[in-house]
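# Inside the fold
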Protein chains: 2
Amino acid sequence: MQKSPATLKAIAEQLRVSVSTVSRALNDHPRISEKTKSRVKELAEKLHYVPNPAALLLKKNKTYTIGVLLPFLKEEFFSLAISAIEDTLMPEDYHVLISQSRDSLEREKKMIESFIASRVDGLIASVSAETNHYGHFKALEEYGIPVVFFDRVPRNIKCHKVRNSVTQGAKEAMRFLVNKGVTKIGLINGPGNLEVSGERLNGYLEAAMEFGIDARQHYIKSGNLTREETEQCMMELLALEDRPQAVLTFNDYVALYAMSACRKAGVEPNKDILFVSFANLPITSFLENPPIASVEQFASKMGAQAANLLLKCLQNQESELDYQEIIIKTELIIH
Amino acid sequence: MQKSPATLKAIAEQLRVSVSTVSRALNDHPRISEKTKSRVKELAEKLHYVPNPAALLLKKNKTYTIGVLLPFLKEEFFSLAISAIEDTLMPEDYHVLISQSRDSLEREKKMIESFIASRVDGLIASVSAETNHYGHFKALEEYGIPVVFFDRVPRNIKCHKVRNSVTQGAKEAMRFLVNKGVTKIGLINGPGNLEVSGERLNGYLEAAMEFGIDARQHYIKSGNLTREETEQCMMELLALEDRPQAVLTFNDYVALYAMSACRKAGVEPNKDILFVSFANLPITSFLENPPIASVEQFASKMGAQAANLLLKCLQNQESELDYQEIIIKTELIIH
DNA sequence: TGATGATGTGCAAAAGATTGCACAACAAGG
DNA sequence: CCTTGTTGTGCAATCTTTTGCACATCATCA
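Residues numbered from 1 in each chain as written. Chains lettered and ligands numbered in written order. Predicted model: local features only at pLDDT ≥ 70, side-chain atom pairs only at ≥ 80, totals over all residues. Heavy atoms only, no water.

The name recorded for chain A in an unreviewed UniProt entry is LacI family transcriptional regulator, from Jiulongibacter sediminis.

Here it is, written out as structure tokens:
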């Protein structure tokens, strides 16, 4: 009853030729006659022949599987990126294996072991909020598995990166607020080990310098991106005597958490205190009072670029050495 | 430079024993001496030996990979379910291959072909909004690949299902509204080919009957779950002379779309017109005026149950015949 | 001492696809 | 007629792991 998938052998027997002839026919080997080729291809089509991935892995050492490792699937930024990654890799006949680190370093390590066990051909990753060293990623490279980081890329490490012009974006956001006459601006940033946090901070500080507003130390908060810590940060900002008039947040989710903390404290977000965030996720369009502006990060574009870069790595292994860095320009979207 | 993963052969050579001895030692074969076993296991550990999945597939005809097919990753309901599926399957050493149908039947078919090509051991699926026949799923069963449907399960088809007591939930939602004194209640439902749409409608109609309110035909709308059609449905409801006082929506996203349509029309949602939705996703907690109630569907629990059912199918193939149906009780959450 | 049983290990085949090499058939040229 | 070249196909090894069978060693018992 239970059909098993067609094999070269099955085709060969039906056609009374050898397995090698079938293999060569399907691969358009020049030494196979046109007549044989068409007979083979026809039957293969009819039987829905698909090469057994096990055999391919054994012979070619390729699984045609790409791992994607990211913090949270439920964050729209990442699910948008994944869709773009899928759309880029699927036409090239790659499968996509997705795993969530849930911002835990331990899980991230486990997932990488699992990727090695399943012999992925390459990895696209956005590191967890806890990640402060990268030895587990190095292990992949030792096995010749190329890794492309996107968005949350490692600090001070030579690797393939696809990232945003975050510093630039932060500065623009600040300029926007300053132009509105706001001078007291808070920052709820992500953890310091992320390069993207450092860049936001740089943009914030550079802008403060350039626009002559003072970036007081107590305006700058940094959390681990969870709801709890973010609300805590926001509470601290609200408790200040010279409470900021606006807050720049690490991303839209942090903005949502912070805004809900405001409401709990009886402060109306985007009226009493303005928010500008990063990411510009569709989700914010459902809010009555969304952040007044957001630095668009083009999640889809980042995902697509990361996937394309990985494809390049897989095609010519020479280029594994000179690491590429692709920077996607952000854009301030005013709501 | 480029290490390749350790093989049985490599271990065997270093230990000057045969490959079969190594294999048996790692599998705790009784005929292998304890001394040999510990020598082998030690070295295997040291070399980070992991069996080559290709060889396992060839010998055992198993990939230890489970496919998950669902409409949209970006919908929190599904990403919550996926996390639960991962948490259930990973301890059993299964990998999870995720694909999105994006509510397109054509994509759904393609993804299933791809799952067959990669020889998944089983599939967990939630069908697309367009799906009105199930031949492509039947193909999986012909290859002996068990399928468990969750949430959006097929209509009138014998199969493994994990679903909610949706009819019950819809009735409770209606009771809640009627108790508030609301009698004119609209319904923005999903497409008719989904069983879950039929159940919502049944609940709506049964409640109308039971509570003696008239369920006028023009209060009942059914869309394809996209933003566009949903807004269209809402517009039609708003345009009615005897405009409904409340609307029951297929899920939270439909509620968000409908509510935004209201605002565009100058109608304040949950003040001028009340909303009750399905799913109760965390996302709604960020709204200032969320739907006044939501039928909690317990996405995580559904995912976990679906994964467990699939595991059972994989363990004893006898039970493939008697299809199971697991019903998760919904719960009305008042916001 | 030769038979029996227990214990530990190795050989070889099997799964599916690819590929270098060998071989057969045939035509053309000397 | 024999050589050379071309064309089409098959054989066999290879990748890694598992497993039935065979074999060797040693102890035990009649």
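On to the packing of aromatic side chains, then. Residues and elements named next belong to chain A. Taken as a whole and assessed by the stated rule, the structure comprises 12 aromatic pairs over all chains. Where Phe77 meets Phe78, the ring centres are 5.2 Å apart and the plane angle is 85 degrees; that geometry is what we call edge-to-face. Residue class for Phe77 comes out buried when judged on its relative accessible area of 5%. Phe78 gets classed as buried once you look at its relative accessible area, which sits at 1%. Judged by centre distance (4.9 Å) and plane angle (70 degrees), the rings of Phe137 and Phe149 are edge-to-face. One end of the pair, Phe137, is in helix H7 (residues 135-142); the other, Phe149, is in strand S4 (residues 147-150), with 12 residues separating them in the sequence. The ring centre of Phe298 lies 5.9 Å from the NZ or CZ of Lys301, which sits over that ring. (Phe/Tyr/Trp six-rings, centres within 6.5 Å; stacked < 30°, edge-to-face > 60°. Buried < 20%, exposed > 50% of the residue type's maximum accessible area, 1.4 Å probe, protein only. Helix = DSSP H or I, 4+ residues; strand = E, 2+ residues; numbered from the N terminus. Lys NZ or Arg CZ within 6 Å of the ring centre and 35° of its normal.)

Right, let's talk about the interface of chain A and chain B for a bit. Chain A puts 49 residues into the contact, and the matching count from chain B is 49 residues. In total, about 4,700 Å² of surface goes out of reach between chain A and chain B, with carbon and sulfur atoms giving 56% of it. We note a salt bridge from Glu86(B) to Arg107(A), for which the minimum N-O separation is 3.9 Å. On inspection of chain A and its partner chain B, the count reaches 18 residue pairs in polar contact (both at pLDDT 80 or more). Elements that contribute at least two residues to the side of chain A that touches chain B include exactly helix H4 (53-60), helix H5 (76-89), strand S2 (95-100), helix H6 (105-117) and helix H11 (252-264) of chain A. (Contact = heavy atoms within 4.5 Å. Buried area = accessible area lost by both parts, 1.4 Å probe. Salt bridge = Lys/Arg side-chain N within 4 Å of Asp/Glu carboxyl O. Polar contact = N/O pair within 3.5 Å; in protein donor to acceptor, adjacent residues only side chain to side chain.)

Here the focus is the state of the cysteines. A complete count under the given rule lists zero disulfides over all chains for this structure. Cys159(B) forms no disulfide, and the closest cysteine sulfur to it belongs to Cys313(B), at a distance of 11 Å. (Disulfide = S-S within 2.5 Å.)

Residues and elements named next belong to chain A. This structure, assessed with the given rule, holds seven cavities of 30 Å³ or more. There is about 120 Å³ of room inside the largest cavity. For the lining of the largest cavity, the elements supplying multiple residues, two or more each, are H5 and helix H9 (195-211). Looking at the lining of the largest cavity residue by residue, the classes come out as seven nonpolar, two polar and four charged. (1 Å grid on protein atoms, 1.4 Å probe; cavity = no way out; pocket = protein on both sides within 12 Å on 5 of 7 lines; lining within 4 Å. Points joined across faces, edges and corners; volume = space filled by probe spheres on them. Nonpolar A, V, L, I, M, F, W, Y, C, P; charged D, E, K, R; others polar.)

Before going further, it helps to spend a moment on the pattern of salt bridges. Residues and elements named next belong to chain A. For the coordinates displayed, the defined rule picks out 42 salt bridges over all chains. Residue Glu210 pairs with Lys171 through a salt bridge whose shortest N-O separation is 3.1 Å. Taken as a pair, Glu210 in helix H9 and Lys171 in helix H8 (residues 166-179) lie far apart in primary sequence, 39 residues in all. The shortest N-O distance in the salt bridge between Glu231 and Arg227 comes to 3.2 Å.

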